[in-house]
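# A structural walkthrough
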Protein chains: 4
Amino acid sequence: MASKDATREVSPDRLRVGIVGAAGYTGAELIRLIHGHPRLGLAYVAAKERAGQRLEEAVPSTSGVRGIGDRILETFDPASAPELAERCRVMFLGLPHEASAAAAEALLAAGLTVVDLSAAFRIKEATSYEPWYGHQHATALSRKAVYGLPELHRADLRGAKLIATPGCHVTSALLPLAPLLRAHLIRHDGIVIDTKTGVSGAGRSPTASKPFSETAEGTRPYKVAGNHRHTPEIEQELSLVAGAAIRVLMTPHLLPMTRGLLATCYARAEPGTTVDACRQAARSMHEEGLVTVLEGDQLPDTLHVRGSARAHVAYALDPRTGIVLAMCALDNLSRGASAEALQALNVSMGWPDGLGLPEIGLFP
Amino acid sequence: MASKDATREVSPDRLRVGIVGAAGYTGAELIRLIHGHPRLGLAYVAAKERAGQRLEEAVPSTSGVRGIGDRILETFDPASAPELAERCRVMFLGLPHEASAAAAEALLAAGLTVVDLSAAFRIKEATSYEPWYGHQHATALSRKAVYGLPELHRADLRGAKLIATPGCHVTSALLPLAPLLRAHLIRHDGIVIDTKTGVSGAGRSPTASKPFSETAEGTRPYKVAGNHRHTPEIEQELSLVAGAAIRVLMTPHLLPMTRGLLATCYARAEPGTTVDACRQAARSMHEEGLVTVLEGDQLPDTLHVRGSARAHVAYALDPRTGIVLAMCALDNLSRGASAEALQALNVSMGWPDGLGLPEIGLFP
Amino acid sequence: MASKDATREVSPDRLRVGIVGAAGYTGAELIRLIHGHPRLGLAYVAAKERAGQRLEEAVPSTSGVRGIGDRILETFDPASAPELAERCRVMFLGLPHEASAAAAEALLAAGLTVVDLSAAFRIKEATSYEPWYGHQHATALSRKAVYGLPELHRADLRGAKLIATPGCHVTSALLPLAPLLRAHLIRHDGIVIDTKTGVSGAGRSPTASKPFSETAEGTRPYKVAGNHRHTPEIEQELSLVAGAAIRVLMTPHLLPMTRGLLATCYARAEPGTTVDACRQAARSMHEEGLVTVLEGDQLPDTLHVRGSARAHVAYALDPRTGIVLAMCALDNLSRGASAEALQALNVSMGWPDGLGLPEIGLFP
Amino acid sequence: MASKDATREVSPDRLRVGIVGAAGYTGAELIRLIHGHPRLGLAYVAAKERAGQRLEEAVPSTSGVRGIGDRILETFDPASAPELAERCRVMFLGLPHEASAAAAEALLAAGLTVVDLSAAFRIKEATSYEPWYGHQHATALSRKAVYGLPELHRADLRGAKLIATPGCHVTSALLPLAPLLRAHLIRHDGIVIDTKTGVSGAGRSPTASKPFSETAEGTRPYKVAGNHRHTPEIEQELSLVAGAAIRVLMTPHLLPMTRGLLATCYARAEPGTTVDACRQAARSMHEEGLVTVLEGDQLPDTLHVRGSARAHVAYALDPRTGIVLAMCALDNLSRGASAEALQALNVSMGWPDGLGLPEIGLFP
């Protein structure tokens with residue numbers, strides 16, 4: 001069988017990993033990143049609607065790449081977790097939120113490490129999850145899961161068996177804001193987060209987003225007035241860092257670009273806060289992570305992180321209004337999803353955050 | 001001479017208008033709009049660097065259009081204002097800010113109506129102008145000038161001889177915010193304006209913006225921390241409406257699109273404020289203007305106003321934080337510049353705001 | 001009823017027109033163009049899937065435009081043609097190819113003029129239609145229909161009751177090539193047509209084209225090796241002009257842009273052919289039409305015709321290989337569809353080709 | 001010194017390489033690719049106009065990457081070649097065509113291997129170079145140089161000391177056409193090459209290309225009628241393969257995208273030629289190279305090779321006209337320039353073509 005052959009092709013000194021949801025955009029990005037990682041080997045790919053196709057038919061960027069493009073996409077079934085455990089040690093799960101719990105449970109029971117890319121296990125409390133997602137919260141698994149942002153949960157990630165990869169908007173808000181709250185540089189109330197995202201975040205389904213003709217040359221807010229599901233996730237993590245309940249208003253905007261996420265966060269400065277203090281707080285918190293704190297008059301640009309595992313963070317302070325701007329640019333499919341999942345896996349294995357990950361993206 | 005012939009070509013029942021700066025982007029948009037206007041005729045075009053060229057060489061969208069594309073671009077000289085007064089009645093001035101004063105003075109003295117597209121006359125006080133623009137303020141002319149936003153200054157515009165066309169970011173902030181302040185629906189402090197603009201606003205010079213390769217797929221803030229020149233202009237007009245000094249933080253962002261400007265404004269609601277009250281305030285203030293107040297769950301999108309003289313305004317209220325979102329989408333070259341200039345001219349002539357202007361843009 | 005009111009709103013000195021398929025891209029473009037036309041009034045709008053919606057919900061560029069955006073989209077039924085005849089004089093039909101015949105027949109019988117935007121009536125012979133479209137050809141109606149390219153069929157269009165609007169790729173090939181064949185400047189065999197089109201040509205259905213993320217930054221050929229349906233239509237019209245059977249190879253390419261169509265046509269020069277002779281042939285053939293023949297070293301760019309009813313045509317000759325390049329840029333939704341339909345209607349009414357049509361597009 | 005430190009940072013088991021022209025687009029791409037290469041270490045970076053800056057100021061995608069972003073850009077001087085020889089073994093030269101000869105001569109004399117990215121050494125005969133480039137041809141060095149397309153010159157590349165990296169349009173034409181000529185599947189005359197390129201090929205200078213606003217939504221031919229400098233280079237290489245003088249017409253088109261190059265080549269089939277025979281010829285010629293020959297009804301798309309070192313090639317045959325379509329998609333900065341340079345270096349070192357190069361690009 002193609003899949004058995006494929007398993008044999010993975011060199012024995014590499015950790016064998018699999019992907020459920022390999023034909024989606026985050027799946028394709030995982031394939032690209034795993035292919036360039038010196039310690040991982042791709043041993044299993046599954047995709048619901050494209051099962052039976054060769055990977056290169058579903059993900060044409062793999063066309064002609066031996067051992068990858070010629071893989072056959074399989075159908076994932078939690079019941080076959082014990083067999084999968086013989087083929088891989090780690091499974092990346094890119095399933096709908098409501099399907100992750102059963103899948104993760106079976107895989108964990110079979111001894112696999114699970115890196116989940118859905119929202120299923122990101123939120124600890126059912127009351128912060130169910131109103132936003134409309135289905136039952138997997139509370140027990142969620143409490144066992146480690147929130148996969150190494151910059152905030154490094155210690156817990158070492159040896160973690162279930163990793164919940166953060167949402168992309170969440171990462172873009174936490175990386176610049178968390179250091180300010182930890183260092184008491186901004187007030188707890190009145191935090192406004194204005195995010196600008198490329199359309200790939202909506203996923204690959206043709207009906208998930210408007211056609212090109214209604215996207216190019218257009219920009220628009222969506223899920224306004226605090227209606228975006230990433231809101232409770234941001235609040236959970238910022239509250240943890242601040243040691244107090246934090247409430248934010250997040251407004252996402254859709255931009256005419258494929259990849260990229262820029263967060264512009266507004267918060268009221270505590271007395272005495274300076275830009276230097278903000279930068280120092282971020283450098284200190286993100287020292288081991290994959291975050292560049294910009295200096296001088298440099299400002300973040302999603303173009304500077306396209307295809308990269310790094311996020312760029314910057315700060316400014318408006319003396320006229322006393323408002324701190326905390327900004328972050330990242331690639332929503334890479335640092336905001338697939339590279340972040342691999343960074344968390346790296347940390348869980350005791351490897352450096354950036355092992356095998358592209359820290360220099362395409363420019364231009 | 002080409003130019004004299006051109007003058008003769010304008011039908012006698014049309015108001016003869018000229019454009020200084022015809023080869024720039026707002027110049028090209030003026031040409032398009034004047035060509036479709038039933039009461040105006042283009043009688044004069046000037047452009048500094050391209051003087052002597054045929055208009056179709058400089059503005060290739062006019063190629064082959066008789067009576068327009070075959071015009072010769074002239075060199076504008078304030079000293080020849082008396083001669084120009086024989087050729088046109090109205091002059092659109094698209095000059096650098098510091099050059100407008102001398103030009104406008106000469107043209108006004110010669111009896112022309114001047115519609116200025118620079119920032120020279122938008123701000124009433126030298127102290128609000130000189131620190132931002134770095135050259136001397138034309139205070140006397142600025143006080144004589146009428147701020148060219150018909151939705152706010154309709155009465156003053158009738159018969160106006162010197163019109164100062166607002167900045168594009170300013171228009172996008174004033175249209176949604178002014179009604180809320182007038183109707184006491186938001187608090188005066190803590191207003192945050194996050195704008196997203198297409199790159200055509202930077203003008204046509206190749207060095208005015210980054211190359212395509214460093215613009216596509218990128219988005220970035222610029223002039224952060226209240227450093228954008230449109231800030232004092234927004235504050236002047238909002239303070240006038242509020243009857244009190246208003247201070248705002250505006251942060252512009254550059255987007256990978258040519259046209260379009262979206263403002264997302266955040267303000268704290270006064271007790272009892274509702275979305276319906278916001279919409280009602282805007283409908284009432286903008287009744288005669290070129291503004292659509294969106295209903296239901298419709299949200300503004302720059303794609304819906306491309307090439308249009310209309311702006312789209314919408315409101316939302318986050319009950320969790322008490323923040324009102326006041327949003328506006330417009331075409332920065334059209335409603336944010338050239339169509340706005342024509343709308344103001346229409347009002348100054350006693351015509352309806354939208355006479356001859358495209359209120360339905362390209363979709364898609 | 002909304003629709004009756006709407007009919008009454010059309011000024012009596014305007015020709016009342018209706019649109020079937022008003023919510024698609026060519027429908028939206030027709031609405032924009034009719035709104036700016038001094039002799040036409042929109043009296044009826046229908047759309048299958050969005051019937052019952054206000055037009056501004058379906059076509060958001062009409063939002064807030066009184067008398068247009070507040071129209072209700074109706075359900076078109078050929079059986080009610082007699083009633084429609086009381087409401088409009090002309091119907092623009094944007095139906096699937098196979099639905100046009102029944103609709104046109106009923107409308108013609110009721111006395112309406114029909115401007116059809118499908119391919120149903122473009123091709124005269126069933127043998128040139130059925131293999132490409134896979135359903136029965138409406139031969140009788142097709143022979144009655146006038147091919148709606150005024151540059152080629154001006155005389156027949158005067159008074160025409162059934163007009164078949166050409167395909168967009170076809171227009172882009174005919175405008176530059178037909179003059180060369182008529183003037184015997186190129187050989188009949190070996191004509192290669194390489195077209196580059198924006199994605200709006202695929203229509204508004206989200207599944208009609210790939211998502212933005214798989215369109216931006218990508219370009220690809222499709223329907224290669226003579227498999228595009230516009231091939232027999234090009235051959236029919238070129239053969240007519242040449243007086244001999246012409247066979248061409250057309251290869252379309254999809255580009256990451258919304259509007260625009262560029263044709264680069266390659267043909268072998270007859271001995272003695274010069275670029276000047278090509279230009280002269282085109283100027284002579286297109287004198288009354290909406291075509292600009294570029295001079296000097298100017299080359300066509302789709303950017304120069306966005307939203308315009310004009311096409312730009314240019315020629316070059318490679319002395320090393322003896323190949324003539326015949327090039328054309330147009331806006332596929334405007335000159336390639338909706339503006340072309342209106343140009344043909346203008347001619348059928350005895351009006352100038354460009355009456356009420358935008359000959360200066362958006363730049364940039 | 002920064003540079004000395006940098007040299008020391010390169011691990012001793014890596015081949016030390018330098019880049020002249022590191023701040024341009026191909027320079028930035030070289031940096032990205034070298035950073036991911038297991039056998040190379042970046043030891044030297046130079047850039048004329050940005051000398052003295054930190055690399056991360058000039059190439060912001062390297063921001064915060066230790067050992068790379070903090071490098072100081074130096075000023076390259078051929079006279080210091082002997083010192084450079086102590087710091088690197090290989091130099092990538094991205095200089096203006098006319099500056100490469102002196103630089104390469106000095107570096108070769110000092111014992112470095114030179115991989116040149118200009119056109120200086122691509123063409124063997126002065127008569128095929130000087131009319132197109134307008135300066136003196138470096139004939140002696142050009143004859144010593146190996147044309148850096150491993151798919152055509154594999155044997156000569158082993159141990160090569162001076163490598164001339166092909167032009168991007170040339171690569172896109174040679175990869176699909178050379179196998180057909182070698183296998184006698186197409187006729188020698190009448191070959192037409194229509195290329196579609198992203199704008200990054202014009203380089204980073206803001207005046208090298210039109211601004212974003214005049215590029216987005218536009219497509220246009222340029223250097224038509226055989227006037228593009230890549231023409232003689234294509235003819236040299238195709239003639240070599242065919243064993244006879246080949247003359248082609250190449251027409252490049254500029255597309256609204258950053259990266260990507262698609263060639264659609266038209267040639268007349270020899271009797272009996274089939275699509276399968278074309279594919280077989282290409283598979284056989286490109287077996288060791290970085291080329292995927294697409295099967296079934298797959299067609300190339302520049303989106304499928306963005307950031308990848310692989311090119312995608314496909315064939316089709318139109319039975320109605322007897323024309324073969326030979327198509328190729330590649331990333332002009334990667335497979336068309338920097339990755340190609342590294343592929344050639346790999347071969348020159350005896351390594352596999354794809355060693356350390358990304359064969360799976362970003363999707364989307």
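Source: prediction; values computed, not measured. (Residues numbered from 1 in each chain as written. Chains lettered and ligands numbered in written order. Predicted model: local features only at pLDDT ≥ 70, side-chain atom pairs only at ≥ 80, totals over all residues.)

A separate point is the relation of the copies chain B and chain A. Under the fitted operation, chain B is carried onto chain A by 0.0 Å of movement along the axis and a turn of 180 degrees, and the coordinates agree to an RMSD of 0.0 Å. Each copy turns onto its partner about a two-fold axis. For chain B, the residue whose C-alpha comes nearest the rotation axis is Pro256 of chain B, separated from it by 3.3 Å. Most of the interface of chain B is mirrored in chain A: 100% of its interface residues are interface residues there too. (Least-squares fit on C-alpha atoms with pLDDT ≥ 70 in both. Contact = placed C-beta atoms within 7 Å.)

Right, let's get into the relation of the copies chain B and chain D. In the superposition of chain B on chain D (RMSD 0.0 Å, axial shift 0.0 Å), the rotation amounts to 180 degrees. A symmetric contact is evident, with 100% of the interface residues of chain B recurring at the interface of chain D.

This part is about the packing of helix α2 (residues 25–35) of chain C against helix α12 (residues 334–348) of chain C. Residues and elements named next belong to chain C. Their axes nearest at 9 Å, the elements α2 and α12 cross at an angle of 50 degrees. The orientation of α2 relative to α12 falls into the category oblique. You can see that α2 and α12 cross each other, and the crossing is right-handed. Two secondary-structure elements touch here, α2 through Thr26, Glu29, Leu30 and Leu33 and α12 through Ser334, Ala337, Ser338, Ala339 and Leu342. Broken down by class, the residue content of the contact of α2 with α12 amounts to five nonpolar, three polar and one charged. (Axes fitted to C-alpha atoms, helices over the stretch in contact; angles between N-to-C directions. Helix = DSSP H or I, 4+ residues; strand = E, 2+ residues; numbered from the N terminus. Parallel < 35°, antiparallel > 145°, perpendicular 65-115°, else oblique. Left-handed = near helix turned anticlockwise from the far one by under 90°. Nonpolar A, V, L, I, M, F, W, Y, C, P; charged D, E, K, R; others polar.)

Take the pairing of strand β10 (residues 261–268) of chain C next. Residues and elements named next belong to chain C. In terms of residue burial, β10 counts as a mostly covered element, since seven of its eight residues are buried. Across six bridges, strand β7 (residues 191–197) lies against β10 in antiparallel orientation. Looking across to β10, one finds that Ile193 is bridged to Cys265. Of the strand pairs in this sheet, β10 and strand β13 (residues 323–330) are connected by eight bridges, and their pairing is antiparallel. Counted as the bridge partner of Arg268 is Ile323 from β13. (Buried ≥ 20, exposed ≤ 12 C-beta atoms within 10 Å, placed from the backbone. Pairing = 2+ DSSP bridges.)

Right, let's get into the confidence of the model for chain A. All names here are of chain A. Overall, the predicted model of chain A reaches an average pLDDT of 96, with 98% of residues at or above 70. Here residues 1–8 scores under 50 on pLDDT; set against residues more than four positions off or in separate chains, the count is nine contacts. Interface confidence for the predicted complex, expressed as ipTM, amounts to 0.96; the pTM equals 0.97. (pLDDT = per-residue confidence, 0-100.)

Residues and elements named next belong to chain D. For helix α11 (residues 275–285), the complete set of buried residues consists of Ala277, Cys278, Ala281, Ala282 and Met285. Taken around the axis of α11, the buried residues stretch over an arc of 135 degrees, which confines them to a single face. Across from the buried face of α11, at angles greater than 90 degrees, the exposed residues are Asp276 and Ser284. Where α11 is buried, its residues touch α8 (150–157), α9 (168–182), β11 (291–293), β12 (311–318) and β13 (323–330). (Arc of directions from axis to C-beta.)

To summarise the sheet geometry, strands pair through backbone hydrogen bonds and adopt either a parallel or an antiparallel arrangement. Residues and elements named next belong to chain A. The six strands lie next to each other as β2-β1-β3-β4-β6-β5, forming an open sheet whose pairing is parallel. Each having just a single partner strand, β2 (40–46) and β5 (146–147) make up the two edges of the open sheet. Bridge analysis of strand β1 (residues 15–20) against β2 gives six bridges, and the strand direction is parallel. Residue pairing for β2: Val20 is matched across the bridge by Ala46. Contacts from helix α2 (residues 25–35) reach β1, β2 and β3 (90–93) within the one sheet, and its direction differs from that of β1 by about 165 degrees.

So, on to the packing of helix α8 (residues 150–157) of chain C against α12 of chain C. All names here are of chain C. Running from amino to carboxyl end, α8 crosses α12 at an angle of 35 degrees, the nearest separation of the two axes being 9 Å. The crossing of α8 and α12 is right-handed. Packed against α8, whose contacting residues are Pro150, Arg154 and Leu157, the element α12 presents Gln343, Ala344, Val347 and Ser348 at the interface. Broken down by class, the residue content of the contact of α8 with α12 amounts to four nonpolar, two polar and one charged.

All names here are of chain D. The strand order across the open sheet formed by seven strands is β8-β9-β7-β10-β13-β12-β11, and the pairing between neighbours is mixed. Two strands in the sheet have a free side with no partner beyond their single neighbour: β8 (220–221) and β11. As paired strands, β11 and β12 are joined by three bridges and run parallel to one another. Across the sheet, Thr292 pairs through a bridge with His312, a residue of β12. Sitting on the sheet, α11 touches β11, β12 and β13, and the angle it makes with β12 is about 155 degrees.

Next up on the list: the interface of chain B and chain A. With 42 residues of chain B at the contact, the number on the chain A side is 42 residues. Secondary-structure elements contributing two or more residues to the side of chain B that touches chain A are β7 (191–197), β8 (220–221), β9 (248–254), β10 (261–268), β12 (311–318) and β13 (323–330) of chain B. Residues belonging to the side of chain B that touches chain A are distributed by class as follows: 20 nonpolar, 11 polar and 11 charged.

A separate point is the environment of Met285 of chain A. Residue and element names in this part refer to chain A. Position of Met285 among the secondary structure elements: in helix α11 (residues 275–285). In this structure, the C-alpha to C-alpha distance between Met285 and Leu175, residues 110 residues apart in sequence, is 9.2 Å. With residues near it in sequence (within four places) discarded, Met285 still touches Glu151, Ala178, Pro179 and Arg182.

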